[in-house]
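Results of the structural survey
These are the residues of each chain, in order.
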Amino acid sequence: MSLLLDEWCRRSAISRSDPKAYATIATIVAHREAGKTIEEVRFEIFSEAVTDAEDRE
C-alpha cells in the first residue's frame, strides 16, 4: 500500500505530509478493509485524482 501511496503522490504532485495524502491513506485502508484488491484501489484513487484535477480547471 505504501508503494501505491507513493505512486499517487507522484502523479498528484502532492507531498506525503500533505493532509490530502492522509485522506488518501484513509481511503486506501477503507477500500482494503472492504476487500478490494490493490488494483481496484489503484483504480479508485486515481479516478478520484482525475476528477479532482478536472474540478480545479
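From a predicted model like this one, the values you see are computed outputs, not experimental measurements.

**Some points on the pattern of salt bridges**
Scanning the model with the defined rule gives five salt bridges in all. R11 is paired through a salt bridge with E7; the nearest N and O atoms lie 3.0 Å apart. Highlighted residues: R11 and E7, both in helix α1 (residues 2-12), separated by four residues, approximately one helical turn. Overall, E7 belongs to the buried group, its relative accessible area being 15%.

**Focus: helix α2 (residues 19-33)**
If you check α2, its first and last C-alpha atoms are 21 Å apart, about what 15 residues at 1.5 Å a residue would give, namely 21 Å. For α2, every residue scored as buried is listed here: A21, T24, I28 and H31. Along the long axis of α2, the arc covered by the buried residues comes to 80°, so they all point the same way. Turned more than 90 degrees away from the buried face of α2 sit P19, Y22 and E33, all of them exposed.

Calculation rules
- Residues numbered from 1 in each chain as written.
- Predicted model: local features only at pLDDT ≥ 70, side-chain atom pairs only at ≥ 80, totals over all residues.
- Heavy atoms only, no water.
- Salt bridge = Lys/Arg side-chain N within 4 Å of Asp/Glu carboxyl O.
- Helix = DSSP H or I, 4+ residues; strand = E, 2+ residues; numbered from the N terminus.
- Buried < 20%, exposed > 50% of the residue type's maximum accessible area, 1.4 Å probe, protein only.
- Expected span 1.5 Å × (residues − 1).
- Arc of directions from axis to C-beta.

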